[in-house]
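Working through the structure, step by step
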Amino acid sequence: MTILEHPATLGRPVVDTGIVDVDIHPVPLPGAIDSYLPKRWRTHVRAYGSRTTNGLQNNGEYPQMYGGAMRADAWPETGYPGSSLALIRDQLLDLHNVQLGVLQCIAPGGQTLNPASQALNQELAHALVRAINDWQLEHLVYPEPRLRAAIPVPFETAEYAVAEIERVGSDPGVVAVLGLSKTLEPLGNRRYWPIYEAAVAQGLPIQFHLSQGGGNPNTGTGWTSYHTEYHVGHVQSFQSQILSLILSGTFDRFPDLKVMFVEGNVAHFVPLVQRLDYHWANLRSEVPDLQRRPSEYVRDHVWASTQPIDEPENPKHLAELIEEFCPENVLFASDYPHFDFDSPETVFPHSFPEALRTKVLRTNGQRFFGLEVTD
């Protein structure tokens, strides 16, 4: 059970005329989660910090997340971009008619700027994600029902991850579980299966957000020298994770499991899935228990978000790529308040095919989160 008492009026999200944004990054003000942390862990963090699978303390993200990686106009008078509910409302929810905005709190601000769920101290990771989830529910979701939470969990410690899903997963303010793209083992590994079982039991999909960490270099051939190299090469982790989930039989084991890869765009999945189908046909004797073609698992279990959107010179080509991947499995993501924020009106103008635009901005999100489909 959550320690919080949600408002009696907080029911299922209603999305009828607006859009679904699956990627909003809130950040607590410095000290904001202290009251949610036991004294032991407040003292620990002040004295020792939080070491993660990045191998770094404090701001281990690259580039410096709270310097040039944020929208210049998203800085409130105090605190970080993403810490002001008023700015989230003004710059995103109201301006772009976002009726469901999914919060993905990766870094807990003043405590540490690394992902809390990747803390190597397993008990600390558990305490931090509990504090983050209670903070975002009480200070963002309950005051603003257009916002809902994807709850971070300590993914590398299945016992604690399951406990957190069971603690707050039934709260109406929660719409998904949050994982990261870089894990210690590929996501199809059986060590993660209890987490999938718990998510399915609560009726929650899982959103895997782009990340560093996982104890591995950020590309398949080593560490990058430049941010451009790092930024483009990130998608390698998504590609390896989708291969693992499908070929390990995870989706056969959990036929109701839905996952979304967030902030890795869409286009690179198309040739990957086509190539996977081809090699599966030739090598299927290695995985005889796999019941269907890989592309069929993608259709039923795998979603992708748009940000950072692919922008070919001919806009029609973007529509073609989405159609080729799976037009029912692509959802809009703004990535607010990061510097590469995508406005729905800019990336999907009204000249974009209307039926596909409606799917990406609204109806696909309704289906993914189990809401009433109005179109």
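A brief look at the structure comes next. (Residues numbered from 1 in each chain as written. Predicted model: local features only at pLDDT ≥ 70, side-chain atom pairs only at ≥ 80, totals over all residues. Heavy atoms only, no water.)

1. Some thoughts on the pairing of strand β7 (residues 302-305)
Going by this rule: Using a 1.4 Å probe on the protein chains alone, a residue whose accessible area is under 20% of its type maximum counts as buried, one over 50% counts as exposed, and one in between counts as partly exposed. Secondary structure is summarised from DSSP: a helix means a run of H or I of at least four residues, a strand means a run of E of at least two, and numbering begins at the N terminus for each. The pairing criterion for strands is at least two bridges between them, as found by DSSP. Clockwise travel from the first strand over the helix to the second, with the strands pointing away from the viewer, marks a crossover as right-handed.
By the alternation rule, side chains of β7 split into V302 and A304 and W303 and S305, which are all buried. Two elements, strand β6 (residues 259-262) and β7, share three bridges in a ladder whose sense is parallel. The residue bridging F261 from the neighbouring strand is A304, located in β7. In this region the chain leaves β7, passes through helix α11 (residues 315-325) and returns to the parallel neighbour strand β8 (residues 330-331); the handedness of that crossover is right-handed.

2. Considering the sheet that holds β8
For the record, the criterion: Contact definition: two residues touch when any of their heavy atoms are within 4.5 Å. Angles shown run from 0 to 180 degrees and are taken between the N-to-C directions of axes, each axis being a line fitted to C-alpha atoms and, for helices, limited to the stretch in contact.
Read across the open sheet, the eight strands follow the order β1-β2-β3-β4-β5-β6-β7-β8; overall the sheet is parallel. Two strands in the sheet have a free side with no partner beyond their single neighbour: β1 (19-24) and β8. The pairing of β7 with β8 spans two bridges and is parallel. Within β8, the residue paired with A304 across the bridge is V330. Strands β6 and β7 of the sheet are contacted by helix α10 (residues 294-301), whose axis makes an angle of about 65° with β7.

3. Here's the deal with the packing of helix α3 (residues 122-141) against helix α4 (residues 158-168)
Let me state the cut-off plainly: Just so you know how the angles are binned, under 35 degrees is roughly parallel, over 145 roughly antiparallel, 65 to 115 roughly perpendicular, and the rest oblique. What makes a crossing left-handed is the near helix being turned counterclockwise from the far one by less than a right angle; a clockwise turn instead makes it right-handed. When residue character is reported, Ala, Val, Leu, Ile, Met, Phe, Trp, Tyr, Cys and Pro are called nonpolar, Asp, Glu, Lys and Arg charged, and the others, Gly included, polar.
Their axes nearest at 10 Å, the elements α3 and α4 cross at an angle of 20°. What the angle tells us is that α3 and α4 run roughly parallel. Viewed along their axes, α3 and α4 form a crossing whose handedness is right-handed. Residues Q122, E123, H126, V129, R130, N133 and D134 of α3 pack against Y160, A163, E164, R167 and V168 of α4. Here the residues of the contact of α3 with α4 are counted per class, giving four nonpolar, three polar and five charged.

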